[in-house]
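Below are the chains, spelled out letter by letter.
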Amino acid sequence: MASIEAFKLEVRSWIEEVLPADLRVGNRKDLPKESLGNWIQALAKRGWITPDWPTEYGGGGLDRKHTAALRAEIKAVRAPTVSSFGTSMLGPTLLEFGTEEQKLEFLPPISRHEVKWCQGYSEPGAGSDLASLQTRAVLEGDEYVINGQKIWTTGADKADWIFCLVRTDPKASKHDGISFILFPMHQPGVEVSPLKLIDGSADFSQVFFDGARAKAKDVIGPVNGGWTVAKRLLQHERSTDGGSEGGLSGAQKETLVDIVKREVGLQDGMLADPAIRQRLAAQELEAKALSLTMRRAGEEARAGQTARDIGSLGKYRWANMIKSEQDIAMTALGTQGLGWDGPGFEDTQLERTRAWLTTRADSIWGGTNEVQLNVIAKRVLKIPE
Amino acid sequence: MGLILSEDQLILRDMAKSFCDEKSPVERMRTLRDTRDAVGFSRELWKEMGELGWIGILFPEAVGGAEMGYGELGVVLAECGRVLAPEPFISTVLLGGNAVLLGGSEPLRKDLLPGVCSGDRILALAFQERGRFAPYAVETAATRDGSGYRIRGEKQFVLDGHVADQIVTVARTAGSAGDRDGLTLFVIDADAPGVSALRTEMVDGRNAARITFDNAVVDAARVLGEVDGGADILDPVFDRATIGLCSEMLGSFEEAFERTLEYLKTREQFGVKIGTFQGLRHRAAQMFGELEFARSVVYDAQSSIDDGREDVAECASGAKARCSDVANLIGGEAVQMHGGIGMTDEEEIGLFFKRLKAAEFTLGDAIYHRNRYASLRGY
Ligand SMILES: Cc1cc2nc3c(=O)[nH]c(=O)nc-3n(C[C@H](O)[C@H](O)[C@H](O)COP(=O)(O)OP(=O)(O)OC[C@H]3O[C@@H](n4cnc5c(N)ncnc54)[C@H](O)[C@@H]3O)c2cc1C
């Protein structure tokens, strides 16, 4: 592999060649479609949507250092990043639990960003207590027939395929009768009904299965052994964002510091409100400490030192950090942060209202904050229950 | 260092750990306190630490030091924090020693630092004049007198000030209280005429003193750094000392947390271990999180000095802001989760609680350091 420095230079000149100017604005929702499509194709061609996957599955075959260097270069020019249920959750899980055949079938389309996946875990009666799920799958010949309901399924209305937890042995104890199975969404037995969220969007749905069909060969891991696979995928889900620094995600161009400075004002170089000043400093320090902690955990693991499972802690602190970032921005904006629609508000202010609402979900999805604390107490601190 | 301990640092940690466990269990600190020991720490143990090279970790080889970094010193300090060892690292190494190292002329360094490294010489830094940490709020006055200066004023919370051989004193040569300019640092012999020390016993069993300067005379050659420019030395000294203090606090956090966790796993009420109660489990998880975050920022702050980074001040204030809050959280929760026994003098957890409160206020609390961080960040 090329030296890191040489590799960085290569990436830089490649970016200059393929990245359209109108994309250098970060991960925004309103990116020009054609430019975005070209960028994704360029990434896919080199396997750089999933740079650390092996090349035979469509990845870039890069080691950790080169992957990090690539990501840093892409971030430095504020190019949009491509990440999905497929790249960040299902892919890594398949790499570990899939058969060779399954990997060759499912991974390359993910690495080319061609197939959209959704996550069929939660049900109306099975949220935090996920293992009590009731959706049934019964084997008929070489197919499973699936009946039941999922809920809160993000992106279900746009998804091509679902990775789904189903009960294949209703007589076994609750963790032992579950299988992890893949099947297409576009088929007669699947009905999707979007739900409207408090931020006004309709990102997640109820999904009804009425005789939906899955190929028996598309069970990942052993039949009735899906719980282990499911849990590993949750670890990937929790680590997806746990490591990222804050930074008012989404379409926002301003940093939190910019907003607070502008709205609160400076006197003699200090924010005019000492209480908000304290909160802002605490917020910046929390974001920094979180990213240092995730980095340290990585370094510990690589050095073979006592690596504690820090995933739940990271998810928990990340969720709180993201939420309080919006809270501070809202406090700075005051009633101008309460606009819902129409005239009287700037776009950035309306976006703020929505972002504040959207981020309330961060302490709920992927295991609620309370569940993360349960996991830390039990698995990390090993306090008997 | 990076964010993890190197092989060498791990070895040093194990050495320091067995040394502290063997020679300095928490009981020793209690005895020093209960007997109102005149020194307040053990001079013999301090010298042993000198022989092991720990006192001199930061100092150049030329003056008898080991020329290593805050990563190494932090490992030793954390182990001291685990057993609440009251030996004078903060006064002699982090404050007084650093002031001489960063601001002293060549002759002054040669004169003072070898004794520091061997454990024979105790130094103190006299800066504070009121309860809340405010580094430039100095009224103690130094007025020119012939080839030297006359010092008048009173200092408080001078760590180990009652046993120090030299007291590095912050005095005002120009301007008025609160100004950053106009401060000067003087190395004053503790037995010089006009210097008197009143030992003050603190809640954590450690020593501090009120030092009165009543026209004490000091030679101009005993100035550290520039006249009127003392803050240029003082700022980095405080940053370094703050980071070192945080390393010590980290060790106390670990020990107080581990003891509390153990208690949750053994104490029974309502026929079950109290650790089965979710209210306590969640709070234990919170403490764990704070401890992990504190470790990250302390290690990062240590490396900011060792790697010669530009952001030492931000790291120091960031680390102390967090460690001060964590001191409150872990110290308070440790006592609370021990119930009645946590309130007794006999149970050692209370000693950790008290030390952590003192450490919280030493060199600035969380509010001070968040304000300073905000200033450094331009808001
Ligand atoms: C934006 C968003 C997107 C989502 N996307 C998906 C998706 O794509 N696919 C999918 O399968 N699911 C998805 N979810 C569902 C999510 O995983 C669940 O909402 C979550 O696991 C909580 O389950 P629940 O909603 O049933 O709440 P409940 O489990 O009913 O929890 C209600 C409250 O009780 C608390 N609680 C529950 N059990 C305990 C306990 N043992 N100890 C202490 N407190 C407890 C919870 O913390 C919570 O505060 C999404 C959720 C959101 C908000």
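Treat the numbers as computed from the prediction; the structure is a model and nothing was measured.

Caption draft 1: Up close: the overall build of chain B. Helix and strand counts for chain B come out as eleven helices and ten strands. In terms of C-alpha radius of gyration, chain B reaches 21 Å, essentially the compact-globule figure of 21 Å for 379 residues. Taken along the three principal axes of its C-alpha coordinates, chain B extends 80 × 50 × 40 Å. For chain B, buried positions account for 60% of its 379 residues. For chain B, the share of sequence-separated contacts (at least 6 apart) that also reach a separation of at least 24 residues comes to 75%.

Caption draft 2: Molecular detail of unusual backbone geometry. Residues and elements named next belong to chain A. One non-glycine residue, W152, lies in the positive phi region at around 65 degrees. As for its placement among the helices and strands, W152 is situated in strand 3 (residues 143-154). On the basis of relative accessibility, which here comes to 47%, the residue W152 falls in the partly exposed class. Although it is not a glycine, K382 sits at a positive phi angle of roughly 55 degrees. Looking at where K382 falls in the secondary structure, it is placed in the segment after helix 11 (369-380).

Caption draft 3: Seen up close, the domain arrangement of chain A. When cut into domains, chain A gives domain 1 (4-82), domain 2 (117-224) and domain 3 (243-380). Summarising the inter-unit geometry, the C-alpha centres of domain 1 of chain A and domain 2 of chain A are found 33 Å apart.

Caption draft 4: Just the side chain of D160 of chain B, in detail. Residue and element names in this part refer to chain B. Of note, D160 is situated in the loop between strand 3 (148-159) and strand 4 (166-172). There is no salt bridge for the buried D160, and the closest opposite charge comes from R206, which lies 7.1 Å off by N-O distance. In contact with D160, not counting residues within four places along its chain, are F41, P88, S91, A124, N207 and A208.

Caption draft 5: Seen up close, the site of the ligand. Close to the ligand lie 18 residues, the nearest being S122, S128, W152, T154 and T368 of chain A. Bordering the ligand are residues originating from chains A and B. At a separation of 2.8 Å, a nitrogen atom of the ligand approaches a polar side-chain atom of Q278 of chain B. Listed by contribution, the elements that provide at least two residues to the shell around the ligand are strand 3 and helix 11 of chain A. Per element, the largest residue contribution to the shell around the ligand is three residues, and it comes from strand 3 of chain A.

Caption draft 6: The pattern of salt bridges, seen in detail. Residues and elements named next belong to chain B. Per the stated rule, a full pass over the model turns up 60 salt bridges over all chains. One salt bridge connects E255 with R259, and the closest N-O pair in it is separated by 2.8 Å. One end of the pair, E255, and the other, R259, are both in helix 7 (residues 231-266), four residues apart, so they sit about a helical turn from each other. With a closest N to O distance of 3.4 Å, R322 and E290 form a salt bridge. Within this pair, whereas R322 is found in helix 9 (residues 312-338), its partner E290 is found in helix 8 (residues 278-306), the two being separated by 32 residues in sequence. With respect to burial, R322 and E290 carry one shared label: buried.

Analysis parameters
Residues numbered from 1 in each chain as written. Chains lettered and ligands numbered in written order. Predicted model: local features only at pLDDT ≥ 70, side-chain atom pairs only at ≥ 80, totals over all residues. Heavy atoms only, no water. Helix = DSSP H or I, 4+ residues; strand = E, 2+ residues; numbered from the N terminus. Rg over C-alpha atoms; globule rule 2.2 N^0.38 Å. Buried < 20%, exposed > 50% of the residue type's maximum accessible area, 1.4 Å probe, protein only. Contact = heavy atoms within 4.5 Å. Domains from an automatic or database assignment. Lys, Arg positive; Asp, Glu negative; His and termini not counted. Salt bridge = Lys/Arg side-chain N within 4 Å of Asp/Glu carboxyl O. Near = heavy atom within 4 Å. Polar contact = N/O pair within 3.5 Å; in protein donor to acceptor, adjacent residues only side chain to side chain.

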